Amino acid sequence: MSTILFAVIMLGAIGVIFGLVLTFASKKFHVDVDERVEKVRACVAGANCGACGFPGCDGFAAAVVEGKAPVNGCKPAGADGAAKIAAIMGQEVSDEERMVARVLCQGMKGVAKERYVYDGYKSCATAAGIAGGPKDCRFACIGLGDCMDHCAFGAISMKDGIASIDEDKCAACGACVEHCPRGAIKLLPISQSVIVRCRNSDIARVARAVCSDACIGCKRCMKECQYEAITVENGFARIDPAKCTRCGACAAVCPCNAITNANPVPVEPVMQ
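Treat the numbers as computed from the prediction; the structure is a model and nothing was measured.

Attention now moves to the packing of aromatic side chains. On inspection of all chains with the given rule, the structure shows one aromatic pair. Geometrically, the ring pair formed by Phe54 and Phe60 is tilted, given 6.5 Å between the ring centres and 55° between the ring planes. For Phe54, a relative accessible area of 24% translates into the label partly exposed.

Rendered as structure tokens:
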């Protein structure tokens, strides 16, 4: 009985000693944390996507308070989040147009020709390394969902063999852009609704042979554009968003339907 009592007393004494040591250590090594860090942390998206360039949302919040990150550095938080963070930091934030991810490819099933039927591990990166990928077009979206798997916001789905992005859910974090092995996704201003959905730089005959919606570099769009917003370089058209009025004239004359216009805006014709 005395042995048990002695053991209990010893354990209690050890507990008291460790408690005193921990109390001393906590006071000795205490680091004051700026309360603004928690406030900023509450304003970000919370996806830990890394698009800000810092290790997670906690790292970004600390960097903002330390002056190492801009108040609008969390793209998924959007303009509202940036405004709240700016208010916490006593700063002003400039208005920036919202960006969204867009798929620059229309090579869905029946449009882009298939080289073979892929039945392996479901990964675009893996499939791209097997005989050049399952689609004949070397620029086409492979459509196995690497972008979808890395989207923390559920904005991407696979439809008819290519990626489809819900712009209402897209937070412009850039994860899909980073993980697309073909570079078929790009972040663009949401107002840029007239888009060349093709990047095939092969000669027209080759591009057309692998995809019925491929841009063939015919320059009809460039000639039709009254605002000199279109150039044709490396075999496919490019649109300057600063000059584009979203009139849709280029999309109307494209013989391959390679240009889409999601939100046509009526404009006054240019006076000659």
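It is worth spelling out the side chain of Asn72 at this point. With respect to the element layout, Asn72 can be found in the loop between helix 3 (56–65) and helix 4 (78–89). Leaving out residues up to four positions away in the same chain, Asn72 has contacts with Ala82, Val93 and Glu96.

Bringing the domain arrangement of the protein chain into the picture now. Along its sequence, the protein chain is carved into domain 1 (35–89), domain 2 (98–190) and domain 3 (191–265). A separation of 38 Å is found between the C-alpha centroids of domain 1 and domain 3.

Let's shift gears to the environment of Pro181. Tracing the chain through its elements places Pro181 in the loop between helix 7 (175–179) and strand 4 (185–189). Separated by 57 residues in sequence, Pro181 and Cys124 place their C-alpha atoms 6.8 Å apart.

A few words on the nonpolar core. Side chains that are nonpolar tend, in soluble globular proteins, to be buried together. Residues Ile156, Ile165, Ile185, Ile230 and Ile259 are the most contacted members of the largest nonpolar core, which totals 44 residues. Mapped onto this core, the elements with two or more residues apiece are strand 1 (99–103), strand 3 (162–165), strand 5 (194–196), helix 8 (204–210), strand 7 (236–239) and helix 10 (249–253). Apart from the residues lying within four places of it in its own chain, the contact partners of Ile259 are Val194, Ile195, Val196, Cys221, Ile239, Cys250, Ala251 and Cys254. Core analysis: the second largest hydrophobic core is formed by 17 residues, Ala61, Val71, Cys74 and Ile85 among them.

The rules behind the values
Residues numbered from 1 in each chain as written. Predicted model: local features only at pLDDT ≥ 70, side-chain atom pairs only at ≥ 80, totals over all residues. Heavy atoms only, no water. Phe/Tyr/Trp six-rings, centres within 6.5 Å; stacked < 30°, edge-to-face > 60°. Buried < 20%, exposed > 50% of the residue type's maximum accessible area, 1.4 Å probe, protein only. Helix = DSSP H or I, 4+ residues; strand = E, 2+ residues; numbered from the N terminus. Contact = heavy atoms within 4.5 Å. Domains from an automatic or database assignment. Core = buried A, V, L, I, M, F, W, Y, C linked by side-chain atoms within 4.5 Å.

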